[in-house]
Amino acid sequence: MLEEKILNDYQQAMKNKDRLRASVLSFLRAEMINLAVAKKKKSLDDNDAIAVIRKQVKAHQDSIEQFKNGGRQDLVDKETKELEILKSYLP
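Residues numbered from 1 in each chain as written. Predicted model: local features only at pLDDT ≥ 70, side-chain atom pairs only at ≥ 80, totals over all residues. Heavy atoms only, no water.

(A) Quick peek at the overall build of the protein. The number of helices and strands found in the protein is 4 helices and 0 strands. Starting at the N terminus and ending at the C terminus, the protein contains elements arranged as α-α-α-α. Summarising its shape, the C-alpha atoms of the protein cover approximately 40 × 30 × 20 Å along the three principal directions. Here the protein, with 91 residues, has 31% of them falling under the buried criterion. Sequence-distant contacts in the protein: of pairs separated by 6 or more residues, those separated by 24 or more amount to 55%. When the accessible surface of the protein is summed, it comes to about 6,100 Å², and 50% of that surface belongs to carbon and sulfur atoms. Of the side-chain charges in the protein, 18 are positive and 15 negative, and the distance between the mean point of each set is 3 Å. (Helix = DSSP H or I, 4+ residues; strand = E, 2+ residues; numbered from the N terminus. Buried < 20%, exposed > 50% of the residue type's maximum accessible area, 1.4 Å probe, protein only. Contact = heavy atoms within 4.5 Å. Areas by Shrake-Rupley, 256 points an atom, 1.4 Å probe, with all protein chains shown as cover. Lys, Arg positive; Asp, Glu negative; His and termini not counted. Charge placed at Lys NZ, Arg CZ, Asp CG, Glu CD.)

Now the structure itself:
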């Protein structure tokens, strides 16, 4: 399942001290847990997990656009890297 893969990748990122990947996956896991609680489920199926990822992708794309308009290239670069990590989990 996708949720388990994200958990395993998060744990591996923590071991590798990959702060960016760990941060992105930690936030993504929190969003998935929130949705599971809202749906009164123990875990999410892949369709729900993909919906959470797509929501995060859209939020990052909107942030990138806002940062470009504001002239914050440093934040554009950071958001772009995070976006690539999220997209790697989409089918």
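Once the structure has been displayed, the description carries forward.
(B) Examining helix α4 (residues 73-87) more closely. In this model α4 runs 21 Å from its N-terminal to its C-terminal C-alpha over 15 residues, within 8% of the 21 Å that 1.5 Å per residue would give. Check the buried side of α4 and you find it contacts α2 (19-38) and α3 (46-70). (Expected span 1.5 Å × (residues − 1).)

(C) Expanded view of unusual backbone geometry. Within the chain, K17 stands out as a residue other than glycine whose phi angle is a positive 55°. Summarising the element assignment, K17 is placed in the loop between α1 (2-15) and α2. Despite not being glycine, K40 has its phi angle at roughly 55°, a positive value. By the element assignment, K40 lies in the loop between α2 and α3.

(D) Here's a closer look at the environment of E79. Position of E79 among the secondary structure elements: in helix α4. Relative accessible area serves as the criterion here: at 12%, E79 is assigned to the buried category. Residues E79 and Q61, 18 residues apart in the sequence, show an inter-C-alpha distance of 8.0 Å. With residues near it in sequence (within four places) discarded, E79 still touches H60, S63, I64 and F67.

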